[in-house]
Amino acid sequence: MPYTQEKIITLTVAYVKETLKDAEGGHDWWHIYRVWKLAVRIAKEESVNLFVVQLAALLHDIADSKFHSGDEELGPRLAGNFLTKMHVDKQIIKHVDAIIRNMSFHKTFEEKRFNSRELQVVQDADRIDAIGAIGIARAFNYGGHKNFPIYNPHIKPETYLNKESYKSSKAPTLNHFYEKLFLLKDMMNTKTGKRLAEGRHQFMEAFVERFLKEWDTEC
Ligand code: ADP
Ligand code: NI
């Protein structure tokens, strides 16, 4: 007997919590939890398959390539194996696989291979969790985890032209605001995403402005 959708979500939550128990603080279960909640919230205002949205939100960072020597296949493979074990419908597994392969920021350097309303919802949720107060905390936690400097006035932000240079950057964390985080508000797919991004964006701008003033001991 196949499981109910509700049961599958409960089992997915347990699987993700267990798999990410030692993850970096910005990519741990709580990042997944926030993206899941945001995705459900955004989905309520869009006409989408809520089961696909929830599974993709829950599984999107199950094995992020930046923590697995650049392996971009591991995450989709683990997600696919898990959903197959849960006897999830093949079409749904295929859709979840396409979403998690195509929603990452570094995919914006490549030609778009797949799109769906469900992808747009989960992508917006993931991007909203990268900005605002949470986004600031996550960026500095990631920078600390990688031992990047917090700021260096001699190293200017870059415009990355391809995914390799973006992914191998060791730039100070403050540069990441110019290189990615400030760009996200204009990349939102949905109305709700745009609305939520607005306030978070302003908060980050105020933070960086104040950070630079304090750096120059102006306040
Ligand atoms: P995605 O999860 O869409 O692939 P990234 O891998 O670029 O996006 O980043 C996810 C999050 O990890 C960012 O929003 C940020 O919090 C953190 N992060 C990634 N790269 C950096 C960096 N170079 N400096 C600081 N934080 C980073
Ligand atoms: Ni994520």
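Here the structure is a predicted model, which means the values were calculated and not measured.

A. Looking closely at the overall build of the protein. From N to C terminus, the protein includes 10 helices and 0 strands. Each helix and strand of the protein, placed in order from N terminus to C terminus, yields the pattern α-α-α-α-α-α-α-α-α-α. Here the protein has a C-alpha radius of gyration of 18 Å; the compact-globule value for 219 residues is 17 Å, and the two agree. Viewed in the frame of its principal axes, the protein has a C-alpha envelope of about 65 × 35 × 30 Å. In the protein, which comprises 219 residues, the share counted as buried stands at 47%. Look at the contacts in the protein between residues 6 or more apart in sequence, and 67% of them connect residues 24 or more apart. Carbon and sulfur atoms make up 52% of the accessible area of the protein, which totals about 11900 Å². For the protein, the centre of its 32 positive side-chain charges and the centre of its 30 negative side-chain charges are spaced 4 Å apart.

B. Representation of the site of ligand 1. Not every one of the 15 residues close to ligand 1 is listed here, only the nearest: Lys66, Ser104, Phe105, Tyr166 and Lys180. Phe105 places a main-chain nitrogen or oxygen 2.8 Å from an oxygen atom of ligand 1. In this structure, a nitrogen atom belonging to ligand 1 sits 3.5 Å away from a main-chain N or O atom of Ala139. Here ligand 1 has 550 Å² of accessible area as a free molecule, and 91% of this is covered by the chains. Broken down by secondary-structure element, the contributors of at least two residues to the shell around ligand 1 are helix 7 (132–145) and helix 9 (173–179). Here the residues of the shell around ligand 1 sort into 7 nonpolar, 4 polar and 4 charged.

C. Just the coordination of the nickel ion (ligand 2), in detail. Donor atoms from the polypeptide that coordinate the nickel ion (ligand 2) comprise His31 (NE2), His60 (NE2), Asp61 (OD) and Asp126 (OD), at 2.1 to 2.3 Å from the metal. Taken together, the 4 donor atoms coordinating the nickel ion (ligand 2) and their angles of 84 to 173° define a geometry best described as irregular. The sequence pattern formed by the donor residues of the nickel ion (ligand 2) is H-x28-H-D-x64-D. Overall, Asp61 belongs to the buried group, its relative accessible area being 10%.

D. Expanded view of the pattern of salt bridges. Across all of its chains, the model carries 14 salt bridges by this definition. Across the pair Lys163 and Glu110 runs a salt bridge whose closest N-O atoms are separated by 3.1 Å. Within this pair, whereas Lys163 is found in helix 8 (residues 163–167), its partner Glu110 is found in the loop between helix 5 (90–102) and helix 6 (117–128), the two being separated by 53 residues in sequence. For Lys163, a relative accessible area of 13% corresponds to the buried category. Between Glu209 and Lys213 there is a salt bridge, with the nearest N and O atoms lying 3.6 Å from each other. Of this pair, Glu209 and Lys213 both sit in helix 10 (residues 191–215), 4 residues apart, which is roughly one turn of that helix. On the basis of relative accessible area, Glu209 is assigned to the partly exposed category, the value being 49%. Judged by its relative accessible area of 35%, Lys213 is partly exposed. Each of Glu72, Lys107, Glu110, Lys163 and Lys167 takes part in salt bridges that share partners, so that together they form one network.

Criteria and cut-off values
- Residues numbered from 1 in each chain as written.
- Chains lettered and ligands numbered in written order.
- Predicted model: local features only at pLDDT ≥ 70, side-chain atom pairs only at ≥ 80, totals over all residues.
- Heavy atoms only, no water.
- Helix = DSSP H or I, 4+ residues; strand = E, 2+ residues; numbered from the N terminus.
- Rg over C-alpha atoms; globule rule 2.2 N^0.38 Å.
- Buried < 20%, exposed > 50% of the residue type's maximum accessible area, 1.4 Å probe, protein only.
- Contact = heavy atoms within 4.5 Å.
- Areas by Shrake-Rupley, 256 points an atom, 1.4 Å probe, with all protein chains shown as cover.
- Lys, Arg positive; Asp, Glu negative; His and termini not counted.
- Charge placed at Lys NZ, Arg CZ, Asp CG, Glu CD.
- Near = heavy atom within 4 Å.
- Polar contact = N/O pair within 3.5 Å; in protein donor to acceptor, adjacent residues only side chain to side chain.
- Nonpolar A, V, L, I, M, F, W, Y, C, P; charged D, E, K, R; others polar.
- Donors = N, O, S within 2.8 Å, 3.2 Å for Na, K, Ca; no water.
- Tetrahedral: all angles 85-135°; square planar, octahedral: opposite > 155°, others 65-115°.
- Salt bridge = Lys/Arg side-chain N within 4 Å of Asp/Glu carboxyl O.

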